[in-house]
Amino acid sequence: MGMEDDFLLEDEDDEKTIEFIKNYLPQDMKEAFSDDDLYYILDLIVDYYTTSGCLDAQPDDEGYINIDQDEIVNYIVKESAKDGMGPFDPEAIFFVVQGEMEYGNQLGQVE
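Quick caveat: nothing in here was measured; it's all calculated off a predicted structure. (Residues numbered from 1 in each chain as written. Predicted model: local features only at pLDDT ≥ 70, side-chain atom pairs only at ≥ 80, totals over all residues. Heavy atoms only, no water.)

**A few points about the nonpolar core**
Item 1. One finds Phe33, Ile41, Tyr49, Ile72, Ile76 and Ile93 to be the most contacted residues of the largest nonpolar core, which totals 26 residues.
Item 2. Taken together, the elements giving at least two residues each to this core come down to α1 (3–24), α2 (35–52), α3 (69–82) and α4 (90–106).
Item 3. Ranked by the residues each element gives to this core, the list is headed by α2, at eight residues.
Item 4. Those residues within four positions of Ile72 in sequence are excluded, and the remaining contacts are Ile45, Tyr48, Tyr49, Ile67, Val97 and Met101. (Core = buried A, V, L, I, M, F, W, Y, C linked by side-chain atoms within 4.5 Å. Buried < 20%, exposed > 50% of the residue type's maximum accessible area, 1.4 Å probe, protein only. Helix = DSSP H or I, 4+ residues; strand = E, 2+ residues; numbered from the N terminus. Contact = heavy atoms within 4.5 Å.)

Pasting the structure below:
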């Protein structure tokens, strides 16, 4: 598979992730984010995973890596403010983070 194919698969996965998150959000939060907001937040979640070192941690006895969702929320709120995005409600961001993790869990990924 070429690099272009990899990008197309990544885009398709992002679309599926965004759709899952939109369905995961409580009814009163569904209008809080545009699709662009959700793509931006998803990018920040990935940035957090790759820069925080949490993915380098050793899994526990059950094979899970403990990832602090509150830290991810704080990272997103801080980075989005620096980027001039939002402002985003931390409680709503928490549901987006949970939705992203739940989607990954349903795919069989350990997060």
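Still to come is the rest of the account.
**Details of the packing of aromatic side chains**
Item 1. For the structure shown, the criterion picks out five aromatic pairs.
Item 2. Look at Phe20 and Tyr103: their rings are 5.3 Å apart centre to centre, the planes differ by 50°, and that puts the pair in the tilted class. Placement of Phe20 in helix α1 and of Tyr103 in helix α4 is noted, with a sequence separation of 83 residues between them.
Item 3. Its relative accessible area of 18% is what places Phe20 among the buried residues.
Item 4. Aromatic rings pair up to connect Phe20, Tyr24 and Tyr103 into one cluster. (Phe/Tyr/Trp six-rings, centres within 6.5 Å; stacked < 30°, edge-to-face > 60°.)

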